[in-house]
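Read off the chains here:
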Amino acid sequence: MIYADNAATTQMSQKAMEAMLPCMQTVWGNPSSLYAFGQKAAEALADAREKVATCLNAADPGEIYFTSGGSEADNQAILSVAQNGAKQGKKHIISTAFEHHAVLHTLQKLAREGFEIELLPVHEKGMITPEQVVAAIRKDTALVTAMYANNEIGSILPIGEIGAVCRERGVLFHTDAVQAAGHLPLDVQRENIDLLSLSGHKFHGPKGVGVLYAKKGVPLMNLIEGGAQERGKRAGTENVPAIVGMAAALSEAVANMAADTQKLLAMRGRLIAGLAKIPHSALNGDSDRRLPGNVSFCFEGIEGESLLLLLDDRGICASSGSACTSGSLDPSHVLLAIGRPHEVAHGSLRLSLGADNTEEDVDKILAAVPEVVTYLRSISPLWKDKLNGKRPFLLPE
């Protein structure tokens with residue numbers, strides 16, 4: 001089997017599992033308990049917080065809050081700033097049109113509560129510019145939230161420049177870094193990031209655990225009430241094994257990042273070059289400014305669902321976009337945001353490689369995808385109409 005859907009989730013690393021075991025076998029006390037047995041768990045929690053802070057270059061481990069994942073972290077970050085902004089008469093929030101639904105749905109909730117949400121249009125290659133942010137910021141702007149790297153097409157936004165613009169104008173800046181953490185160097189101080197979200201299972205940590213980084217002085221509201229955990233900002237006994245495993249996985253990913261990136265860039269380049277040879281296909285996003293392992297294509301005249309099923313028959317695990325919307329029949333909002341027509345957006349393929357993938361995997365993918373695309377087109381009435389000139393081609397040959 002070839003696993004090429006690492007943007008959806010990753011296999012847990014051996015180091016993460018080894019780090020978790022003691023927290024389930026010997027150090028399994030409640031970290032809020034005052035006796036020594038509980039304090040051993042509290043020490044493991046503190047060590048994990050320190051490791052995550054180091055990986056993000058946070059000024060203080062106290063700026064790290066553990067959550068159930070990226071979606072919760074996104075919700076808490078955005079709702080906290082919105083609540084505080086409303087008290088100051090600031091109810092304008094800026095984001096982008098191709099954010100993850102954890103951000104977009106939270107913003108929709110705020111819009112129903114009277115906030116003005118401005119979604120910046122993204123360019124054809126999946127990018128916004130600092131100039132767009134400058135033009136959008138107003139006196140009543142409470143927050144700018146822009147993802148670090150897009151989960152579907154892999155484009156990397158100019159986060160440092162956007163952060164500098166926000167800091168200069170006194171506007172809080174949040175970034176959903178779920179796809180970037182462990183794959184791109186993150187520095188919350190250098191990039192002027194006030195709030196950042198990440199999720200453990202995207203970099204070989206366990207599922208169901210994540211992080212909200214909140215710069216000291218940024219007020220947080222509680223999504224969950226009932227206890228004093230996480231300095232009173234998230235009630236509930238901490239999942240110490242998962243937190244420790246996530247911290248170990250993130251530290252390992254950061255340590256191996258340079259070598260892994262070099263390997264992934266070579267495989268990514270081969271995949272892009274090979275798939276681009278398929279007639280009437282198009283790479284989604286920029287060819288260079290994208291996540292090291294991300295390859296996203298649209299193939300005209302096919303349905304992405306059929307493509308995925310036939311690739312699965314050949315032992316290749318891939319996706320057509322975000323795993324969070326895989327049950328939807330609607331075309332990807334990300335692909336529509338970059339200007340892909342509905343018909344073309346339906347025929348998308350996302351391959352997200354990891355360090356465990358090999359050149360042989362790339363060879364097999366490059367052999368399988370053209371075969372499947374050719375087959376699906378051969379049985380498509382729509383494709384026959386295009387060949388006969390009854391319908392126009394939407395992507396160049």
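Let me begin by describing the structure that accompanies this report. Positions within a chain are numbered from 1, following the residues in the order the chain's sequence is written. In view of the model being predicted, local features appear only for residues whose pLDDT reaches at least 70, and side-chain atom pairs are presented and counted only at 80 or more, with totals across whole chains, interfaces and linings using the full set of residues. Hydrogens and waters are ignored; side-chain quantities use all the structure's heavy atoms.

Another aspect to go through is the packing of helix 1 (residues 14-25) against helix 8 (residues 240-275). Between the N-to-C directions of two axes lies an angle of 0 to 180 degrees, each axis being a line fitted to C-alpha atoms and, for a helix, fitted only over the stretch in contact. Secondary structure elements are taken from DSSP: a helix is a run of H or I of four residues or more, a strand is a run of E of two residues or more, and numbering for both begins at the N terminus. Direction vectors running N to C along helix 1 and helix 8 enclose 155 degrees, while the axes themselves pass 8 Å from each other. When the axes of helix 1 and helix 8 are compared, the pair comes out roughly antiparallel. For the pair helix 1 and helix 8, the sense of crossing is right-handed. Of the residues in helix 8, those in contact with Lys-15, Ala-16, Ala-19, Met-20, Cys-23 and Met-24 of helix 1 are Val-240, Pro-241, Ala-242, Val-244, Gly-245, Ala-248, Ala-249 and Glu-252. Classification convention: Asp, Glu, Lys, Arg as charged; Ala, Val, Leu, Ile, Met, Phe, Trp, Tyr, Cys, Pro as nonpolar; all other residues, Gly among them, as polar. Grouping the constituent residues of the contact of helix 1 with helix 8 by class yields 11 nonpolar, one polar and two charged. Orientation labels follow simple angle bins: below 35 degrees gives roughly parallel, above 145 gives roughly antiparallel, 65 to 115 gives roughly perpendicular, and whatever is left gives oblique. Should the near helix be turned anticlockwise from the far one by less than a right angle, the crossing is left-handed, and should it be turned clockwise, the crossing is right-handed. By the convention used here, residues are in contact when the closest approach between their heavy atoms is within 4.5 Å.

So, about the sheet that holds strand 9 (residues 281-283). Pairs of strands are assigned from DSSP output, requiring at least two bridges between the strands. Here three strands make up an open sheet; going across it, the order is 9-10-12 and the pairing antiparallel. The sheet is open, and its two borders are formed by strand 9 and strand 12 (348-352), each paired with just one other strand. Averaged over all pairs of adjacent strands, the angle between strand axes in this sheet comes to 20 degrees, irrespective of strand direction. Here strand 10 (residues 294-299) pairs with strand 12 via five bridges, running antiparallel. Residue pairing in the sheet places Val-295 in a bridge with Leu-351 of strand 12. Across the sheet, helix 9 (residues 304-313) lies against strand 10 and strand 12, angled at about 45 degrees from strand 12, the strand it touches most.

A patch consists of residues whose relative accessible area exceeds 30% and which take part in no salt bridge; residues with like charges are grouped when within 9 Å of each other, and nonpolar side chains (Val, Leu, Ile, Met, Phe, Trp, Tyr) when within 5 Å. Areas reported as accessible are Shrake-Rupley estimates using a 1.4 Å probe. Residue values count occlusion only from the protein chains shown. For this analysis, a salt bridge means a side-chain nitrogen from Lys or Arg found within 4 Å of a carboxyl oxygen belonging to Asp or Glu. Where nonpolar side chains cluster on the molecular surface, the patch consists of Trp-28, Tyr-35 and Phe-37 and spans about 360 Å² of accessible area. Relative to the helices and strands, Phe-37 resides in helix 2 (residues 36-56).

Following the sequence through the fold, Ser-33 ends up in the loop between helix 1 and helix 2. Burial classes: relative accessible area under 20% of the type maximum marks a residue as buried, over 50% as exposed, and values in between as partly exposed (1.4 Å probe, protein chains only). Residue classification places Ser-33 among the buried positions, given a relative accessible area of 14%. Between N or O atoms, a polar contact is any pair within 3.5 Å; within protein, one atom must be a potential hydrogen donor and the other a potential acceptor, and residues adjacent in sequence are included only when both atoms are from side chains. For Ser-33, the side chain forms a polar contact with the side chain of Tyr-35, separated by 3.3 Å. Once residues within four sequence positions are removed from consideration, Ser-33 is found in contact with Gly-38 and Gln-39.

Further remarks concern the packing of aromatic side chains. Note on aromatic pairs: each is described by the distance of the centres and the angle between the planes. Stacked, edge-to-face and tilted labels apply to pairs of Phe, Tyr and Trp rings (six-membered ring for Trp) whose centres lie within 6.5 Å, assigned for plane angles under 30 degrees, over 60, and everything in between, in that order. Across all of its chains, the model carries three aromatic pairs by this definition. Ring geometry for Trp-28 versus Phe-37: centroids 4.7 Å apart, planes at 80 degrees, classification edge-to-face. Using a relative accessible area of 31% as the deciding quantity, one classes Phe-37 as partly exposed. On the basis of an interplanar angle of 70 degrees and a centroid distance of 5.4 Å, the ring pair of Trp-383 and Phe-393 is categorised as edge-to-face. Here Trp-383 is found in helix 13 (residues 381-387), whereas its partner Phe-393 is found in the segment after helix 13, with 10 residues between them in sequence. Two conditions define a charge sitting above a ring: the NZ of Lys or the CZ of Arg must be within 6 Å of the ring centre, and it must be within 35 degrees of the ring normal. The ring of Tyr-65 has Arg-231 sitting right over it, with the charged end atom 4.0 Å from the ring centre. In this structure, Arg-377 is placed above the aromatic ring of Trp-383, and the distance from its NZ or CZ to the ring centre is 4.2 Å.

Turning next to the packing of helix 9 against helix 12 (residues 359-378). As a packed pair, helix 9 and helix 12 sit with axes 10 Å apart at the nearest point and diverge in direction by 130 degrees. As summarised for this structure, helix 9 and helix 12 are arranged oblique, according to the angle between their axes. The handedness of the crossing between helix 9 and helix 12 comes out as right-handed. Only Ala-368, Val-369, Val-372, Val-373, Tyr-375 and Leu-376 of helix 12 make contact with helix 9, whose side of the interface consists of Ser-306, Leu-307, Leu-310 and Leu-311. Of the residues contributing to the contact of helix 9 with helix 12, the split by class is nine nonpolar, one polar and no charged.

Another aspect to go through is the side chain of Asp-187. When you line up the elements, Asp-187 lands in the loop between strand 6 (172-176) and strand 7 (195-199). Overall, Asp-187 belongs to the buried group, its relative accessible area being 15%. Of the polar contacts made by the side chain of Asp-187, one reaches the backbone nitrogen of Gln-189; its length is 3.2 Å. Each residue touching Asp-187, except ones within four places of it in the same chain, is listed here: Leu-56 and Asn-57.

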